[in-house]
Amino acid sequence: GYDFAIPGNHEYDYGMERFLELAKKLDCGYYSCNFLDKRGKTVLPAYKIMSFGDTKVAFVGVTTPSSLSSSTPTFFQDGNGKYIYSFCEDLTGTKLYKQIQKTVDKVRKQVDYIVLVAHLGVNGSQERWSSVAVAQNVSGVDVIIDGHSHEVNPATIVQDKLGKDVAELICIHSLKEKWHQGYGTLMMRHVLGEMKKAGYVKVVLWVFEKNLRARAFYEKQEFVQAGRRQINEISEIMYLKNLVTDS
């Protein structure tokens, strides 16, 4: 079954009452930090913390503000046509960024990593509400997993609000006769140290899902799984390591 779900714009196509009725039946629950009622309170839980071994990850839900128009507007209004639900929409995107930042700041000290699970989109979406715009205007987020715009975008590395960079590690290779002698660990420590000195705060890498030896090595180096992509018949896992928390 599912561990985490967020509402997109089409979740509301049969009315708010029906959505809230069905949402209660989903075992893992729906999450959205920017779906608010008329009092400004979140209608659904904003985030969920899950543990993977000793690593804690917060998954934060984000729903596109365009839901107000791409679904049926009257579903978000009272009988007088006044909006009683909001997705932190405005003309600049500022309300959305502030709401997400508020949630991220609240949970940041409780976890090792924060993943935004979003229904925002990139191309074809309102630019101010795209996942790229969110990444550029919010700090403290490690990964964004996004949908909505029906396109393939395997991976994009974006500077966050503070201008902090993410490095991508392409390859560290040790000859087979050097395996199990510590060379790989020494090389990895050296490379990560150089990246940290260069000002990078996070590092990501991709590895074939079936390459269990390499995956075990990266996990031993305290990389954590943060994404997945499928290219034709090839499945790859994205690993992430936060350099600023390492000594």
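You'll find the structure just up there.
Notes on the structure follow. (Residues numbered from 1 in each chain as written. Predicted model: local features only at pLDDT ≥ 70, side-chain atom pairs only at ≥ 80, totals over all residues. Heavy atoms only, no water.)

**Let's talk about the overall build of the protein chain**
Broken down by element type, the protein chain carries six helices and ten strands. Out of the 247 residues in the protein chain, the part that is buried amounts to 45%. Long-range contacts, defined here as pairs at least 24 residues apart, represent 65% of the contacts in the protein chain between residues at least 6 apart. (Helix = DSSP H or I, 4+ residues; strand = E, 2+ residues; numbered from the N terminus. Buried < 20%, exposed > 50% of the residue type's maximum accessible area, 1.4 Å probe, protein only. Contact = heavy atoms within 4.5 Å.)

**Re the pattern of salt bridges**
The full count for this structure, using the stated rule, is six salt bridges. One salt bridge in this structure joins Arg 39 and Asp 37, with 2.9 Å as the shortest N-O distance. Two residues, Lys 202 and Asp 142, come together in a salt bridge whose shortest N-O distance is 3.3 Å. Taken as a pair, Lys 202 in strand β8 (residues 200-208) and Asp 142 in the loop between α4 (131-137) and β6 (143-147) lie far apart in primary sequence, 60 residues in all. A single burial state applies to Lys 202 and to Asp 142, both of which are buried. Through salt bridges with shared partners, a single ionic network connects Arg 108, Asp 142 and Lys 202. (Salt bridge = Lys/Arg side-chain N within 4 Å of Asp/Glu carboxyl O.)

**A closer look at the environment of Asp 112**
Mapping Asp 112 onto the fold places it in the loop between α3 (94-107) and β5 (113-119). A relative accessible area of 37% places Asp 112 in the partly exposed class. Sequence separation between Asp 112 and Asn 242 is 130 residues; the distance between their C-alpha atoms is 8.4 Å. Not counting residues within four places of it along the chain, the set of residues in contact with Asp 112 comprises Asp 54, Thr 55, Lys 56, Asp 142 and Asn 242. Within the structure, the side chain of Asp 112 is placed 2.8 Å from the backbone nitrogen of Lys 56, a separation counted as a polar contact. (Polar contact = N/O pair within 3.5 Å; in protein donor to acceptor, adjacent residues only side chain to side chain.)

**Remarks on the sheet that holds strand β2 (residues 47-52)**
Ordered in space as β2-β3-β5-β6, the four strands form an open sheet in which the pairing is mixed. In the strand order of this sheet, the two ends are held by β2 and β6, each with one partner. Averaged over all pairs of adjacent strands, the angle between strand axes in this sheet comes to 20°, irrespective of strand direction. In this sheet, β6 lies alongside β5 in parallel orientation, the contact comprising five bridges. Residue pairing in the sheet places Leu 116 in a bridge with Ile 144 of β6. (Pairing = 2+ DSSP bridges. Axes fitted to C-alpha atoms, helices over the stretch in contact; angles between N-to-C directions.)

**A closer look at the side chain of Thr 63**
One can find Thr 63 in strand β3 (residues 55-63). Those residues in contact with Thr 63 that sit more than four places away from it in its chain are Pro 7, Gly 8, Tyr 12, Ser 32, Asn 34, Phe 87, His 119 and Leu 120.

**Here we look at unusual backbone geometry**
The phi torsion at Cys 88 lies on the positive side, around 60°, for a residue other than glycine. Inspection of the secondary structure puts Cys 88 in the loop between β4 (85-86) and α3. The backbone of Glu 222 shows a phi angle near 70°, a positive value even though the residue is not glycine. Within the secondary structure, Glu 222 is located in the loop between α6 (212-220) and β9 (224-231).

**Structural notes on α6**
Spacing of three or four residues puts side chains on the same side of an α-helix, whose turn is 3.6 residues. The set of residues buried in α6 consists of Ala 214, Arg 215 and Tyr 218. Looking straight down α6, one finds that the buried residues subtend no more than 100° of arc, so they occupy a single side. Of the exposed residues in α6, those oriented more than 90 degrees away from the buried face are Leu 212, Arg 213 and Lys 220. Each element contacted by the buried residues of α6 is listed here: α5 (183-197), β8, β9 and β10 (234-242). A positive phi of about 70° marks Glu 222, the residue just after α6. (Arc of directions from axis to C-beta.)

**Some remarks on the packing of aromatic side chains**
The tally for this structure, following the rule as stated, stands at 14 aromatic pairs. With 5.4 Å between their ring centres and 65° between their planes, Tyr 12 and Phe 35 make a pair best called edge-to-face. On the criterion of sequence distance, the pair formed by Tyr 12 in the segment before α1 (16-23) and Phe 35 in the loop between α1 and β1 (36-37) is long-range, its members being 23 residues apart. Summarising the burial analysis for this pair, Tyr 12 and Phe 35 share the class buried. Measuring from centroid to centroid gives 5.6 Å for Phe 76 and Phe 87, while their planes differ by 80°, and the two rings are edge-to-face. Of the two residues, Phe 76 sits in the loop between α2 (67-70) and β4 while Phe 87 sits in the loop between β4 and α3, which places them eleven residues apart along the sequence. Taking the relative accessible area as the measure of exposure, Phe 87 reaches 0% and is therefore buried. Taken together, Tyr 12, Phe 19, Tyr 30, Phe 35, Phe 76, Tyr 85 and Phe 87 form an aromatic cluster joined through their ring pairs. Residue placement shows Arg 128 over the ring face of Trp 129; its charged tip is 4.1 Å from the ring centre. (Phe/Tyr/Trp six-rings, centres within 6.5 Å; stacked < 30°, edge-to-face > 60°. Lys NZ or Arg CZ within 6 Å of the ring centre and 35° of its normal.)

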